[in-house]
Amino acid sequence: MTPTPIPEDHEHDPFMRQALEQAAFCEPVQTAFCVGCVLVARFPDSEPIVLSKGFSRELPGNTHAEANALAKFESLTSLQLQSLVSPWPLEAVPVVEDLLPLVDVYTTLEPCSVRTSGLSACADALIRARIRRCIIGVQEPDDFVKCEGAQKMKDAGIEVIWYGGLEKECLDAARRGHHA
């Protein structure tokens, strides 16, 4: 199924551009894409808050952008969370697990549904995290595997938004360093 992107939207544009900036930090390799990811919390009556950012191969172990952004977010202490979200809008002390259902994931490339390395797929990690929705810059091309990450997330109840307006930039970033 070919996704139908939504038109470029002021709500999503700044965060997708930040994800593209993250992708630019990625060391290109022939056997993988360069991807950027930003985790954003949306509280009622509040401006969106960037919680974490990540890019492919940022952390050791052939890691992907979404997994890295999640790992960095999940490592935050309650005190660090409170400093990110100030003033804290909820009564309880902040806990990562309580925030995840408020999180929007902005990723330049569709989260993977299978890893040739045998590591856990990003779509599975996002499903386990119980994120609210995933905003995707461009569908993963079939260069390495057939990706069904967006469908997998939809089937799990995560809202998937295909972001329109930056597809070329996202695909160019993903394939940076690949020979034609």
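That block above? That's the structure.
Cut-off values and rules
- Residues numbered from 1 in each chain as written.
- Predicted model: local features only at pLDDT ≥ 70, side-chain atom pairs only at ≥ 80, totals over all residues.
- Heavy atoms only, no water.
- Helix = DSSP H or I, 4+ residues; strand = E, 2+ residues; numbered from the N terminus.
- Buried < 20%, exposed > 50% of the residue type's maximum accessible area, 1.4 Å probe, protein only.
- Contact = heavy atoms within 4.5 Å.
- Pairing = 2+ DSSP bridges.
- Axes fitted to C-alpha atoms, helices over the stretch in contact; angles between N-to-C directions.

(A) Representation of the environment of Ile-135. Within the element layout of this structure, Ile-135 appears in strand β4 (residues 133-136). Take Ile-135: its relative accessible area is 0%, and that puts it in the buried class. As a C-alpha pair, Ile-135 and Tyr-106 span 29 residues in sequence and 4.8 Å in three-dimensional space. In contact with Ile-135, other than residues within four places in its own chain, are His-12, Met-16, Asp-104, Val-105, Tyr-106, Thr-107, Ile-161 and Tyr-163.

(B) Representation of the sheet that holds β4 within the structure. An order of β2-β1-β3-β4-β5 is seen for the 5 strands of this open sheet, with the pairing classed as mixed. A single partner strand is all that each edge strand has here, and the edge strands are β2 (49-55) and β5 (159-162). Averaged over all adjacent pairs, the angle separating strand axes in this sheet is 20°, with direction ignored. Of the pairings in the sheet, the one linking strand β3 (residues 103-107) to β4 comprises 4 bridges and is parallel in character. In the sheet register, Thr-107 faces β4, and the bridge partner there is Ile-136. Contacting β1 (36-41), β2, β3 and β4, helix α1 (residues 13-24) crosses the sheet at an angle of about 145° to β1.

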